[in-house]
Structure formats: C-alpha cells, structure tokens
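Report on the structure
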Amino acid sequence: MPLAIVKKQSKGRQKIEITEIPKKNHVQVTFSKRMSGLFKKASELCTLYGANVALIVFSPAGKVFSFRHPNVETIVDWYCTYNPLLEPNGLHLIEAHMNASIRELNMELTQVLNRLEAEKREGKYLAK
C-alpha cells in the first residue's frame, strides 16, 4: 500500500506592507537586496529593449551606487537637452556619478597593487 505524500501548504508569495524599517541593521540588509533587484531590472531593460538607463542610488549609509548603459554623461546630457522643466543645476547627478566611478577605480587599483606586491614577494621567495 503506497504512502501518500503530504505536501505542506504554504502561503505563497505575500505582499508586504511598505513602512519604515525600525532596526538599522535590517534597513541595510533590505536596502542591499532591493538595490540588487533594481539594478538587475535596469540591466534587463538595457538587454531586452536597448534602453538607455542611468541609475544613481544613495544608500542609508551615504554610499553612492550607480548603473549606467551606455554611460551616464550621454543620458544626462540627453535628459537635460530634452527636458525643459529641469533646473539648470542638474549637473550634481554627473558629479555624483563621477565620484562613485573614481571610488570604484581607486578600489580596483588598490586590489591590483596588492596582488602585484604579493606576486613580487612570492617571486622573491621562489628565487631563493
């Protein structure tokens, strides 16, 4: 006599109420998850539809994250040219993006220099 498999009933995907999150560490975790989802959707828009997208996000901790396709300068220039309601002081978006890019490049440079230094040390060790 075969045993019946009892499947646990789940509530499925639930809609959550959008309210402020009281705990600071929960805010950061939720922000990170939502930000990665937002960037994924922006990437999909670019890939599937050839859309030009510039996305600048300021985290609760004050860090700047950006996504751009093809590049933020082209998109902001186009937006500033074709949006008559835009204030002439819209250049702060480009500046924020450039600062974020500089930080990213500096981090990459530091990593490369650290790897180079490690390789040099390993080369000296092997030469002995």
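Here, every reference points to the structure presented above.
Residues numbered from 1 in each chain as written. Predicted model: local features only at pLDDT ≥ 70, side-chain atom pairs only at ≥ 80, totals over all residues. Heavy atoms only, no water.

Another aspect to go through is the packing of aromatic side chains. All told, the structure shown has two aromatic pairs when counted by the stated rule. With a centroid separation of 6.4 Å and 50° between ring planes, the pair formed by Phe 31 and Phe 65 is classed as tilted. With Phe 31 in helix 1 (residues 24-49) and Phe 65 in strand 2 (residues 64-69), this pair connects stretches of sequence that are 34 residues apart. For Phe 65, a relative accessible area of 27% puts it in the partly exposed group. (Phe/Tyr/Trp six-rings, centres within 6.5 Å; stacked < 30°, edge-to-face > 60°. Helix = DSSP H or I, 4+ residues; strand = E, 2+ residues; numbered from the N terminus. Buried < 20%, exposed > 50% of the residue type's maximum accessible area, 1.4 Å probe, protein only.)

With that settled, consider unusual backbone geometry. For the peptide bond that leads from His 69 to Pro 70, omega is 0°, which places it in the cis range. Among the secondary structure elements, Pro 70 is positioned in the loop between strand 2 and helix 2 (72-82).

Tracing the sequence through the fold places Ser 59 in the loop between strand 1 (53-58) and strand 2. Exposure remark for Ser 59: the relative accessible area of 8% places this residue in the buried category. Beyond its immediate chain neighbours, meaning those up to four positions away, Ser 59 contacts Phe 31 and Phe 65. (Contact = heavy atoms within 4.5 Å.)

The grouping of Leu 45, Leu 48 and Tyr 49 at the surface amounts to a nonpolar patch, some 370 Å² of accessible area in total. Tracing the backbone shows Leu 48 in helix 1. Its relative accessible area of 59% is what places Leu 48 among the exposed residues. (Patch = residues over 30% accessible without salt bridge, like charges linked within 9 Å, V, L, I, M, F, W, Y side chains within 5 Å. Areas by Shrake-Rupley, 256 points an atom, 1.4 Å probe, with all protein chains shown as cover. Salt bridge = Lys/Arg side-chain N within 4 Å of Asp/Glu carboxyl O.)

Now for the side chain of Ser 66. With respect to the secondary-structure elements, Ser 66 resides in strand 2. A polar atom in the side chain of Ser 66 sits 3.3 Å from the side chain of Arg 68. The contact partners of Ser 66, leaving out residues within four places of it in the chain, are Phe 39, Leu 55, Ile 56, His 97, Ala 100 and Glu 104. (Polar contact = N/O pair within 3.5 Å; in protein donor to acceptor, adjacent residues only side chain to side chain.)

Right, let's talk about the pattern of salt bridges for a bit. What the rule picks out here adds up to one salt bridge. Note that Lys 41 is salt-bridged to Glu 44, the shortest N-O span being 3.7 Å. With Lys 41 and Glu 44 both in helix 1 and three residues apart, this pair spans about one turn of that helix. Its relative accessible area of 30% is what places Glu 44 among the partly exposed residues.

Our next topic: the pairing of strand 2. Here strand 1 runs beside strand 2; their pairing, made up of six bridges, is antiparallel. Bridging from a neighbouring strand, Ala 54 pairs with Arg 68 of strand 2. What sits between the antiparallel neighbours strand 1 and strand 2 is a turn of five residues, in which Gly 62 has the positive phi angle 95°. (Pairing = 2+ DSSP bridges.)

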